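Survey of secondary and tertiary structure
Residue-level listing of the chains:
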Amino acid sequence: MRSSRSLRFKLLLTITLFVILASRVGFNRAWRTIGVMMRKISLPLARRLAVSSQLLADPQPTAVLPTLRQIRCLQIDPINVVARSPLLVLWSRLGQYAPEELSTLLWEDKSLFEFWAHAASIVLTEDFPLHKPYMLRFGTGDAKWAKRVRNWLEVNASFRQYILNELAARGPLLHTELENRIVEPWPSSGWTNNRNVTIMLQFMWEQGEIMVSRRFGNGFGLKKQWQLAERHLPRWEEHAVWPQEKVVYDAAQKSLRALGVGTAKHIKNHFIRGRYPGLDDVLTKLERDGRIHPIQINDLPGDWYIHTDALPLLAKLEAGDWQPRTTLLSPFDNLICDRDRTELLFDFYYRSEIYTPKAKRQYGYYVMPILHGEQLIGRIDPKLDRKTKTLHVYAVHTEPGAPMTADVGTAVARSIAALAQFLGASKIDYDKKMPVEWQLAQ
C-alpha cells in the first residue's frame, strides 16, 4: 500500500513539474527536461554503452559489412607504421579476419566507397544520399576557402575537362597517367605545392565527379586508381537529392547509434562531421518522434542522448550482461576520433604525436591506446619491421588508476600477440619501458 501511494505521489509530482515547466519554457523543452530527470545512468554504464555500440565488447562481430553498418565509416590515413588504420579498426573488432574482405566490398561488390566522413574515409554506398549534398555544395558559398577553390577551378576548367575526357576514353587511371595541363598552379607554401594533378583530382572527388576505383600497394595501399563516378557507381549517380532536413534526420541517428551515448556536439563531430545544419531542431523532432531520448550521466555535464534502438542494449548492461575484452586501438579509431569526447567520457587525454619532434614526444610516434573493458588503461608504442617480421613494442605506458595486476598484464600481452599474428609477425620484441607489474606476463 505504501509503495502504491509513493508511486502515485511521484507521478503526481512529475505531472505537476511538467505543467509548470511547459507554461514557462514550452512543451518540447519541458518534456525533454522531465525526461532527463527521469533517466540517469552511471559513468561506467555510459562507457560500456559506448564501447558496446562500437562493437568492442564480446561477442565480437564476424563480418566487415555488418560492422560498418554499426560504426558507419573507417577513417583513411597514410601512416603504415603498424598497418593502415582501416585494417586496424576492423581488427580491433573482428580479430583475425581477412583484409581481402574489405577489398572485395570496396572494389568488386561496391558496397563501400571512399568519401569524406569525419575525415577521408571508407563509407557505405547505401549512405550515398547523406554524402551527395556535400558533393553539390563543395566550392560554393562565400567562405574564403570556397571562393579560392571556385576561382581556381574556373581558371583551370580546361584541365578539369581534360581529366574527364581521359577517364571517359581510357579510365580508370592512376594520377601518373594524367598530364599536368594546369593553367594556373594551386598556390601553396606547403605540401600541396606543384601537385596540381593531385589537387585537381581531390577537388573533383569532393564534388562527386570522380571516385577511387581501386588501390594498389601493401595493405590498403596509397596508389589510387580513378574512375568517373557515373561508371564506378552508376546506380547512384542519378539518385534523387534528399532535402537537407532528411539528411540530418537520418545521419544524426546513425551518428548517435555509433556513439552509444552522446551530446549534440558529439553527434555533430561524428560520422559526417560538421554537416548537420539545423541539428538542434532535428534533435527536437527526433525526440518528439520517439527516435532518441535524453539521458543524464552521473558526474558528467551536458545534455546527453541515447537512441531508441540502443535501449535494449542499455537494459542488458544494466542487468549485468557485460562481456568485456581487451584490445588495442588505432590512433584513428572511431571510439576515440573525437578527442574532446574521449577525454570527457573516458578521462583519457589522447593526441597524435606523429608530427611532434622526437625529443618532445611523450608517448611515441604511432601510439595505440589499450582498451580494457570500458576503460582506456594505457597505450603502447609499436612498429612493425616487415623485413624481419618483428613487431617492436618500444614502450607500454599505463594510465593513472589502471589495474596493475598480472591478469591485466596477461590480457594486454595477449592483445599484442594477437596484433602480431594479424600482421604476420613471427616475433615480438619488447623494450625495457614496461610496467613492472605487467612484465611478468610477457
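Presented here is a report on the structure given in the accompanying data block. Values in this document were obtained by computation on a predicted structure and should not be read as measured data.

Scanning the protein for helices and strands turns up 19 helices and 15 strands. Put simply, the protein has 442 residues, and 50% of those count as buried. A separation of at least 24 residues holds for 64% of the contacts in the protein among residues at least 6 apart in sequence. For the protein, the computed accessible surface area is about 21,200 Å², with 53% contributed by carbon and sulfur atoms.

Now for helix α8 (residues 144-155). With twelve residues, α8 should reach 16 Å at 1.5 Å per residue; the first-to-last C-alpha distance of 17 Å fits that figure. Those residues of α8 that fall on the buried side of the exposure criterion are A146, V149, W152 and L153. For α8, the buried positions fall inside an angular range of 135° around the axis, keeping them on one side. Every exposed residue of α8 that faces more than 90 degrees away from the buried side is listed here: K144 and E154. In this structure, the buried residues of α8 make contact with α9 (157-170) and α10 (196-206).

The next subject is the sheet that holds strand β5 (residues 173-174). Taken in spatial order, the three strands of this open sheet run β5-β7-β6, and their pairing is antiparallel. Each of the sheet's edge strands pairs with one partner strand only, and the pair in question is β5 and β6 (210-216). Two strands pair when backbone bridges link them, and β5 and strand β7 (residues 223-228) are joined in this way by two bridges, in the antiparallel orientation. Paired with L173 across the two strands is W226, which belongs to β7.

Another point: the pairing of strand β13 (residues 375-385). Burial analysis of β13 places eight of its eleven residues in the buried class, the great majority of the element. Inspection of the sheet shows strand β12 (residues 368-372) paired to β13 by five bridges, in the antiparallel sense. Looking across to β13, one finds that L371 is bridged to L376. Once β12 ends, the chain turns through two residues before running back antiparallel as β13, passing G373 with a positive phi of about 65°. Inspection of the sheet shows β13 paired to strand β14 (residues 390-398) by eight bridges, in the antiparallel sense. By the bridge assignment, D381 is partnered in β14 with A395. In sequence, β13 turns back onto β14 through a hairpin of four residues, with K389 there showing a positive phi of about 55°.

For any two helices packed against each other, the geometry is given by the interaxial angle and the distance between the axes. Contact geometry of helix α13 (residues 244-259) with helix α15 (residues 279-288) gives a least axis separation of 10 Å together with a crossing angle of 70°. It follows that α13 is roughly perpendicular to α15 by the angle criterion. At the point where α13 passes α15, the crossing takes the right-handed sense. Of the residues in α15, those in contact with E245, V248, Y249, A252 and Q253 of α13 are L279, V282, K285 and L286. Split into classes, the residues belonging to the contact of α13 with α15 amount to six nonpolar, one polar and two charged.

Quick look at unusual backbone geometry now. Following D58, the chain continues to P59 via a peptide bond in cis, the omega torsion being 0°. Here P59 lies in the loop between α3 (43-53) and α4 (64-71). Cis rather than trans, the peptide bond between G171 and P172 has omega equal to 0°. By the secondary structure assignment, P172 is in the loop between α9 and β5. Although it is not a glycine, K110 sits at a positive phi angle of roughly 60°. Along the polypeptide, K110 turns up in the loop between α6 (100-108) and β3 (112-116).

As enumerated under the stated definition, the model contains 16 aromatic pairs in all. Between W116 and W205 the ring centres are 6.5 Å apart and the planes differ by 70°, which places this aromatic pair in the edge-to-face class. Pair noted here: W116 is in strand β3 and W205 is in helix α10, with a separation of 89 residues, a long-range link. You can call W205 buried: its relative accessible area is 6%. Ring centres 5.3 Å apart and planes at 85° place the aromatic pair W152 and W186 in the edge-to-face group. You can see W152 sitting in helix α8 and its partner W186 sitting in the loop between β5 and α10, a full 34 residues away along the chain. Residues W152 and W186 agree in their burial class; the two are buried. Three or more aromatic residues joined by ring pairs make a cluster, and in this case those are F113, F115, W116, F128, Y134, F138, W145, W152, W186, F203 and W205.

This part covers the sheet that holds β3. Spatially, the three strands line up as an open sheet ordered β2-β4-β3, and their pairing is antiparallel. The open sheet is flanked by β2 (73-75) and β3, the only strands paired with a single partner. Taking each pair of neighbouring strands and ignoring which way they run, the sheet shows an average axis angle of 30°. Two elements, β2 and strand β4 (residues 120-124), share three bridges in a ladder whose sense is antiparallel. Paired with L74 across the strands is I122, a residue of β4.

Reading the values: the criteria
Residues numbered from 1 in each chain as written. Predicted model: local features only at pLDDT ≥ 70, side-chain atom pairs only at ≥ 80, totals over all residues. Heavy atoms only, no water. Helix = DSSP H or I, 4+ residues; strand = E, 2+ residues; numbered from the N terminus. Buried < 20%, exposed > 50% of the residue type's maximum accessible area, 1.4 Å probe, protein only. Contact = heavy atoms within 4.5 Å. Areas by Shrake-Rupley, 256 points an atom, 1.4 Å probe, with all protein chains shown as cover. Expected span 1.5 Å × (residues − 1). Arc of directions from axis to C-beta. Pairing = 2+ DSSP bridges. Axes fitted to C-alpha atoms, helices over the stretch in contact; angles between N-to-C directions. Parallel < 35°, antiparallel > 145°, perpendicular 65-115°, else oblique. Left-handed = near helix turned anticlockwise from the far one by under 90°. Nonpolar A, V, L, I, M, F, W, Y, C, P; charged D, E, K, R; others polar. Phe/Tyr/Trp six-rings, centres within 6.5 Å; stacked < 30°, edge-to-face > 60°.

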